Amino acid sequence: MKRRLKETRHICTIEETRISQAEDRALARHMKFLHALQKLRLASDRHPSTEKHLKSSYQIVKENERLLRSYPPYIVHPFSLLRMYSDVIVFIAMNLHLMLLPFAFSFLAFEPHPIRHMVEYVDLFLCLILAAEFALTFCTGFVVFETNEIVLEPRKIFLNRLHPFRLAYDFFLFLPYILLLEVFDELILEAGAETCLGFVTFLYLANIARFRDSNRYFSVIPRSLQIPESKTRIVQVIMNTLYVLHWTTCLGYIIPVLLQANPSSSSVDEEELELLEVMRTYMQYRKVSALLETIDNPFVRLRLSDFESNTSATYRYFRSMMVTLRVGMAVSEKKDIEQHFVYRWIMMLVMFLGWLWFHYIPVVLWRFFDSPEMATDQYDKFMANLNAFAYNKHLSASLQSKLRNNFATRFRTRYFDEEMIMGLFPQNLRSSIRMETCRHLVASVDLFKNLPYFILTDIVNCLRLEIYLQDDVIISAGSFGDSMYFLAMGTVAVYAMSGKELGHLTDGAYFGEISLIKRNQQRTANVIALEACEIYRLSHEDFQNVIKPHAYLLNRIRKQAEQRLSMMKKKKDKMYGKKLIEGFLQ
């Protein structure tokens, strides 16, 4: 699946396919555009989750046929290109929105209007993108992870999105809070600092847990680039740390401003509105140095010094971040903490949460580096060993790629030791596991129909898994066969000796069954893998060992095989005779 079919490698010569390709090329330009839009909502092998749930081209085709045949045209498949592109865009928009929002209310509330207006326009555009994503989720299918079922029914999608908590949680994300920035300084006076403090706290609590959503959207990017899972988790921890630090930095800067501009205390004329009025004076007259001489409050003087020195919002942001880090790591000095009791309690809480967070990160990283029980980490470790082996042996780049693709196809980014796991179970359980995974392949063979269950079990136990990559030759025409093949996943092409393409075989197909009865029967066609294929092989010796004790079954299967060979010979002679007649008439 990771290496998709390329038209330069496989040029299909089947007549029906050539006709359909010619019809597609002959379409008008606007019809081609509509078809391209249609493909955006269909399942695609380029989506990183497709490999886990839809492991072959055949399964993707069947899934898209189900979508087109049974559901309205506005339903989007969860593994579509549209879903993948929107996840990347929403990840960028969500993080910009959640980083811009606290920064604007904390550091731009008293900035000149042009700067605020520019920030507001940007954030409103981001909110529009998030609102479009909110609407798109009502049209996008989802996966039930307990059963791996892909749900595309509109009613079930709507009910799944209609949970009250989830609906409110998603709805609060794209509300245009930034519009309150225009009247935020007036709200401090009119509605009260307590109301503004509650609003800022609400923003913090409503959005601080959004990093989980950010991680969910972010996961599409490394999986698309095939970045190892362990590195992805480390990046997520770093992102979450910066995210929490950013919000706490902004909160730690704006809360003292609100507490000092509290109109509910007793001395309204002097200290309560001192900071806010001075900042307004600065905005109107830009005269701060004269005002500093008349102010005794140290906190107000500290904030006014920012304006006197014409420090930028960026400088004040990083200075507040430094204070937050010092408080969070419990290394702050007494002067770093404002004397107001509310602010003191908040900073103590930040200190406690910071202590937890910065002690949690080493534990998480240690778990990432030392977690042998996790299949993804084992997979990454084995891949690293495989790369080191290829480098040490000086293998060519093409052979290295083939080794990696073979391993990736076999384990699908989840490593497990099958022999060790199967060895833990008794024989009856091992047989039950193999029957559940492979019985559908064996039961579909005409030669094996109506065989007793215990015979089918013995046959399934003889199957051996083999991996073939794109362009690998599975069967060569003219060779002598000694095995039958069951195509579990993938697509293969069948070519006649003349080189003409006869058709494709997909999931569940089988070929080479005559070799089980007549060993060294000459192969009459080439079978070549068109993509990575999982194929189970049943050898002639293993089948004979299973069926020999049951002579009556062996005779019945031989008769069926001879009848089939006879029919194939008659069909071949008929085709050959027809060609001779046509040649004579010409």
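Because the structure is a prediction, the values reported are computed rather than measured. (Residues numbered from 1 in each chain as written. Predicted model: local features only at pLDDT ≥ 70, side-chain atom pairs only at ≥ 80, totals over all residues. Heavy atoms only, no water.)

*Asks:* Quick question: what am I supposed to make of the packing of helix H23 (residues 427-443) against helix H24 (residues 453-461) here?
*Replies:* Orientation of H23 relative to H24, taken along the N-to-C sense of each, is 90°, at an axis distance of 8 Å. It follows from the interaxial angle that H23 and H24 lie roughly perpendicular. In contact with Gln427, Ser431, Arg434, Met435, Cys438, Arg439 and Val442 of H23, H24 contributes Tyr453, Leu456, Thr457, Ile459, Val460 and Asn461. The class makeup of the residues in the contact of H23 with H24 is 7 nonpolar, 4 polar and 2 charged. (Axes fitted to C-alpha atoms, helices over the stretch in contact; angles between N-to-C directions. Helix = DSSP H or I, 4+ residues; strand = E, 2+ residues; numbered from the N terminus. Parallel < 35°, antiparallel > 145°, perpendicular 65-115°, else oblique. Contact = heavy atoms within 4.5 Å. Nonpolar A, V, L, I, M, F, W, Y, C, P; charged D, E, K, R; others polar.)

*Asks:* Can you walk me through the UniProt feature "transmembrane region" (unreviewed entry) in the chain in this structure?
*Replies:* The sites that carry the UniProt feature "transmembrane region" (unreviewed entry) are, in the present numbering, residues 88-110, 122-145, 165-181, 187-206 and 345-369. Between the first and last C-alpha atoms of residues 165-181 the distance is 27 Å; the span itself is 41% helix and 0% strand. (UniProt positions renumbered as here; feature names shortened; annotations may be inferred.)

*Asks:* I tried to follow the packing of aromatic side chains on my own but got confused; where do I start?
*Replies:* Where two aromatic rings form a pair, the distance of their centres and the angle of their planes describe that pair. Scanning the entire structure with this criterion turns up 18 aromatic pairs. Ring geometry for Phe171 against Phe174: centres 5.4 Å apart, planes inclined by 80°, an arrangement best described as edge-to-face. The ring of Tyr169 has Arg210 lying over it, and the distance from NZ or CZ to the ring centre is 3.8 Å. Of note, Arg216 hangs over the ring of Tyr217, and the distance from its end group to the ring centre comes to 4.6 Å. (Phe/Tyr/Trp six-rings, centres within 6.5 Å; stacked < 30°, edge-to-face > 60°. Lys NZ or Arg CZ within 6 Å of the ring centre and 35° of its normal.)

*Asks:* Got a minute to help me understand the sheet that holds strand S9 (residues 510-511) in this structure?
*Replies:* Strand pairing in a sheet relies on backbone hydrogen bonds, with the paired strands running either antiparallel or parallel. Spatially, the 4 strands line up as an open sheet ordered S3-S12-S6-S9, and their pairing is antiparallel. Every interior strand has two partners, whereas the edge strands, strand S3 (464-468) and S9, have only one. In the sheet, S3 pairs with strand S12 (residues 533-539) via 5 bridges, with the strands oriented antiparallel. Within S12, the position partnered with Glu466 by the bridge is Ile535. (Pairing = 2+ DSSP bridges.)

*Asks:* Before we go on, may I ask you to explain a nonpolar patch on the surface in this structure?
*Replies:* A cluster of nonpolar side chains, contributed by Phe416, Met420, Ile421, Leu424, Phe425, Leu429 and Ile433, occupies part of the molecular surface with about 600 Å² of accessible area. Elements with a minimum of two residues in the nonpolar patch: helix H22 (418-423) and H23. Looking at the secondary structure, you find Leu429 in helix H23. Assessed through its relative accessible area of 41%, Leu429 is described here as partly exposed. (Patch = residues over 30% accessible without salt bridge, like charges linked within 9 Å, V, L, I, M, F, W, Y side chains within 5 Å. Areas by Shrake-Rupley, 256 points an atom, 1.4 Å probe, with all protein chains shown as cover. Salt bridge = Lys/Arg side-chain N within 4 Å of Asp/Glu carboxyl O. Buried < 20%, exposed > 50% of the residue type's maximum accessible area, 1.4 Å probe, protein only.)

*Asks:* What is the right way to read the environment of Val442 from this model?
*Replies:* You can see Val442 is positioned in helix H23. The spatial distance from the C-alpha of Val442 to the C-alpha of Val460 is 7.2 Å, given a sequence separation of 18 residues. Every residue in contact with Val442, bar those within four places of it in the chain, is listed here: Phe448, Leu456, Ile459, Val460, Leu463 and Phe486.

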